[in-house]
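# Architecture at a glance
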Amino acid sequence: MCLCLVVKVVDRVASLHVTKKHVRRTRSIEFLTASSSIDRGVPTGETFEDYGVKKRVKRIKGVWKNNQGFILDLGCGYGAYTKVFAENAILAVGLDVERNFLKRAKEKNSGDNIEFILASGDFLPFTDEAFNSVFLIETLEHVLDDEKVLREVHRVLCYNGEVIITVPNKLFPFETHSIRLGLKVIEPPIPFFSWFPNRIRRKHERARVYAPNSLAKSLMKHFAIRQINYIPPLLEGPPFPKDGYWLTVIRNMVEKLFSKTPFKYLSMSILVVAQKKK
């Protein structure tokens, strides 16, 4: 499907071509990100076959209502989630600031109703109310100004459209991103650093963490909260192996523990579903 044709027919996205102004803004964001303590992070998976992608998608599909129409995957990485979200969509747009991520996304997860765009979340190159659903999957913690990104998401989302967000849970006892101590980078998992006060975290963190109440407070400025849920520890990435019998057994036990008991409040990530208010 030709994207330009879709734009003309439905008149929902004014233009997905990057303008000179947008290129300058994107480069500026890239420069600022490089000099910021906040790290851009890496994609959580390459295809739907990755364990973490499957588990997140399962949780998301359980709460996602507007699974048709026009969909924006903000911070799409390699496009693994974009491809899943595109199944029933008219058009799914994956957006990221990393050219290398988008190059691999086009190789691994392209489709007739999928388009990948180089742009920044705080300067979205779309008209108002262009999308029925917007996703930020483990993305918000990596942007420079999360409030500004949420305002842009509100702008491009249709009335009653859904925004679905997953972010690291401050109550999870292990830091899931690397931190800086002077010139040294400490790799995760890092016990209890997520529990540190924000004034200490900001000096060393490379990604934010969110408490459920503070995240809800930020979202309520622009959206009506429909649901707050959790994603249990996925036990993926170092130091865990990719697969194995005992790893599967342990993962199943952990999922049950964090899904059906009060331990869910200590889960790895928060999953929020919200709707745009007028």
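In this text, all values refer to a predicted model and were calculated from it rather than measured experimentally.

### Examining the nonpolar core
- Membership of the largest hydrophobic core comes to 32 residues, with the highest contact counts inside it found for Leu72, Phe126, Phe131, Leu136 and Leu140.
- Among the secondary structure elements, those contributing two or more residues to this core are strand S1 (69-74), strand S2 (89-96), strand S4 (131-137), helix H6 (146-156), strand S5 (157-168), helix H8 (212-219), strand S10 (223-231) and strand S11 (269-276).
- Once residues lying within four places of it in the same chain are set aside, the contact partners of leucine 72 are Val93, Leu95, Leu124, Phe126, Phe131, Ser133, Val134, Phe135 and Val156.

### Describing empty space enclosed by the protein
- A full pass over the atoms with the stated rule returns two cavities of 30 Å³ or more.
- Empty space within the largest cavity amounts to approximately 70 Å³.
- Every residue lining the largest cavity is listed: Tyr51, Lys55, Lys58, Arg59, Ile231, Pro232, Pro233, Leu234, Arg251 and Glu255.
- Elements with a minimum of two residues in the lining of the largest cavity: helix H3 (51-61) and helix H9 (245-260).
- If one sorts the elements of the lining of the largest cavity by residue count, H3 sits on top with four residues.
- Residues belonging to the lining of the largest cavity are distributed by class as follows: five nonpolar, no polar and five charged.
- Volume-wise, the second largest cavity comes out at about 40 Å³.
- Looking at the second largest cavity, the residues that line it are Pro168, Asn169, Phe172, Phe174, Glu175, Thr176, Ser194, Val209 and Met268.

### Overview of the layout of surface pockets
- Space inside the second largest pocket adds up to approximately 320 Å³.
- Asn198, Arg202, Arg208, Val209 and Tyr210 are, among the 15 residues lining the second largest pocket, the residues nearest its centre.
- Sort the elements by how many residues they give to the lining of the second largest pocket and helix H7 (residues 198-204) lands first, with three residues.
- Considered class by class, the residues forming the lining of the second largest pocket number four nonpolar, four polar and seven charged.

### Looking at H8
- Looking at H8, one finds that the buried residues are Pro212, Leu215, Ala216, Ser218 and Leu219. Along H8, the residues classed as buried sweep out an arc of 160° about the axis, all on the same side. Opposite the buried face of H8, at more than 90 degrees from it, the exposed residues are Asn213 and Lys217.
- Looking at the buried residues of H8, the elements they touch are H6, S5, S10 and S11.

### A look at the packing of aromatic side chains
- Within this structure, the stated rule accounts for 12 aromatic pairs.
- Between tyrosine 230 and tyrosine 265, the aromatic rings sit 5.6 Å apart at their centres with planes inclined by 80°, giving edge-to-face as the arrangement. Of this pair, tyrosine 230 sits in strand S10 while tyrosine 265 sits in the loop between H9 and S11; the two residues are 35 residues apart in sequence, bridging distant segments of the chain.
- For tyrosine 230, a relative accessible area of 8% corresponds to the buried category.
- Relative to tryptophan 246, the ring of tyrosine 245 lies with its centre 5.1 Å away and its plane at 75°, an arrangement referred to as edge-to-face.
- Judged by relative accessible area, which is 60%, tyrosine 245 ranks as exposed.

### Remarks on the sheet that holds S4
- A sheet is described by the order of its strands in space; here seven strands give the open sequence S3-S2-S1-S4-S5-S11-S10, paired in mixed fashion. Unpaired on one side and paired on the other, strand S3 (114-118) and S10 mark the two borders of the sheet. Across the sheet, the axes of successive neighbouring strands diverge by a mean angle of 15°, strand direction being ignored.
- Sheet topology places S1 next to S2; six bridges connect them, and they run parallel. Bridge pairing in S2 links glycine 69 to alanine 89.
- Along the sheet, H3 makes contact with S4, S5, S10 and S11, crossing S10 at roughly 140°.
- Across the sheet, H8 is in contact with S5, S10 and S11; its angle to S10 comes to roughly 155°.

The rules we used
- Residues numbered from 1 in each chain as written.
- Predicted model: local features only at pLDDT ≥ 70, side-chain atom pairs only at ≥ 80, totals over all residues.
- Heavy atoms only, no water.
- Core = buried A, V, L, I, M, F, W, Y, C linked by side-chain atoms within 4.5 Å.
- Buried < 20%, exposed > 50% of the residue type's maximum accessible area, 1.4 Å probe, protein only.
- Helix = DSSP H or I, 4+ residues; strand = E, 2+ residues; numbered from the N terminus.
- Contact = heavy atoms within 4.5 Å.
- 1 Å grid on protein atoms, 1.4 Å probe; cavity = no way out; pocket = protein on both sides within 12 Å on 5 of 7 lines; lining within 4 Å.
- Points joined across faces, edges and corners; volume = space filled by probe spheres on them.
- Nonpolar A, V, L, I, M, F, W, Y, C, P; charged D, E, K, R; others polar.
- Arc of directions from axis to C-beta.
- Phe/Tyr/Trp six-rings, centres within 6.5 Å; stacked < 30°, edge-to-face > 60°.
- Pairing = 2+ DSSP bridges.
- Axes fitted to C-alpha atoms, helices over the stretch in contact; angles between N-to-C directions.

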